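# Observations on chain architecture
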Amino acid sequence: MLVAGVDVGNATTEVALARLVPGRAPEFLSVLRGPTSGAKGTAASAQGVIDLIERAGRRLGEQPQRILLADLHPVETG
């Protein structure tokens, strides 16, 4: 199973993809980073996550079946 782990930060968003096979260690395949789109936790930042996941999937030739994403809350830092 191909999974994507997502970290949405205040400045950058990272997506790491790995293949999980029961009974085996995860096989890490790719990491992409892009600027966080809009404020963290907004619809714009969610669209940025989708764009990164789709780009990563195109590079690997398949889309992830699961996405691991922590709860997002709008945050403004100054």
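Here we summarise the structure given alongside this text. Since this is a predicted model, take the numbers as computed values, not measurements.

### Describing the overall build of the chain
The helix and strand tally for the chain stands at 1 helix and 4 strands. The order of α-helices and β-strands along the chain, N terminus first, is β-β-β-α-β. Sorting the 78 residues of the chain into buried and exposed places 29% on the buried side. By sequence separation, contacts in the chain at least 24 residues apart represent 47% of the contacts at least 6 residues apart.

### What about the pattern of salt bridges?
Applying the stated criterion across every chain yields a total of 2 salt bridges. Residues Arg 33 and Glu 14 are paired through a salt bridge, measuring 3.6 Å at the closest nitrogen-oxygen approach. Placement of the pair is Arg 33 in strand 3 (residues 27-35) and Glu 14 in strand 2 (residues 12-19), with a sequence separation of 19 residues. The buried category is assigned to Glu 14, whose relative accessible area is 17%. The partner of Arg 19 in a salt bridge is Glu 62, with the nearest N and O atoms 2.7 Å apart.

### Some words on the nonpolar core
The nonpolar side chains of a soluble globular protein tend to be buried with one another. Core analysis: the biggest nonpolar cluster contains 11 residues, these being Leu 2, Ala 4, Val 6, Val 8, Val 15, Leu 17, Leu 32, Val 49, Leu 52, Ile 53 and Ala 56. If near-sequence neighbours (up to four positions away) are discounted, Leu 52 is found in contact with Thr 13, Val 15, Leu 32, Arg 33 and Gly 34.

### Focus on the environment of Val 8
On the secondary structure map, Val 8 appears in strand 1 (residues 2-8). Distance in space between the C-alpha atoms of Val 8 and Pro 35 is 9.3 Å, their sequence separation being 27 residues. Those residues in contact with Val 8 that lie beyond four places of it in its chain are Thr 13, Thr 36, Lys 40, Ser 45, Val 49, Leu 69 and Leu 72.

### Looking at helix 1 (residues 43-60)
For helix 1, built from 18 residues, the straight-helix expectation of 26 Å at 1.5 Å per residue is met to within 8% by its first-to-last C-alpha distance of 26 Å. When helix 1 is considered as a whole, its buried residues turn out to be Ser 45, Gly 48, Val 49, Leu 52, Ile 53, Ala 56 and Gly 57. Buried residues along helix 1 sit against strand 1, strand 2, strand 3 and strand 4 (66-69). Just past helix 1, the residue Gly 61 takes up positive phi, approximately 85°.

### Structural notes on the environment of Val 3
Counting through the fold element by element, Val 3 comes out in strand 1. As a C-alpha pair, Val 3 and Arg 66 span 63 residues in sequence and 4.8 Å in three-dimensional space. Apart from the residues lying within four places of it in its own chain, the contact partners of Val 3 are Ala 16, Leu 17, Ala 18, Leu 20, Pro 64 and Arg 66.

Definitions and limits used
All residue numbers refer to position in the chain's written sequence, counted from 1. Note on the predicted model: pLDDT of at least 70 is required for a residue's local features to be given, and 80 or more for side-chain atom pairs to be given and counted; whole-chain, interface and lining totals, by contrast, use all residues. Only hydrogens and water are set aside when side-chain values are computed; all heavy atoms of the structure are taken into account. The helix count covers DSSP runs of H or I at least four residues long, the strand count covers runs of E at least two residues long, and both are numbered beginning at the N terminus. Throughout this description, buried means an accessible area under 20% of the type-specific maximum (1.4 Å probe, protein chains only), exposed means over 50%, and partly exposed covers the range between. In this description, contact between two residues means that some pair of their heavy atoms is separated by no more than 4.5 Å. Basic side-chain nitrogens of Lys or Arg form a salt bridge, by our definition, when they fall within 4 Å of a carboxyl oxygen of Asp or Glu. Here, nonpolar core refers to any group of buried Ala, Val, Leu, Ile, Met, Phe, Trp, Tyr and Cys residues whose side-chain atoms link them within 4.5 Å. Helix span, as expected, comes to 1.5 Å for every residue beyond the first.

These figures capture arrangement, not role.
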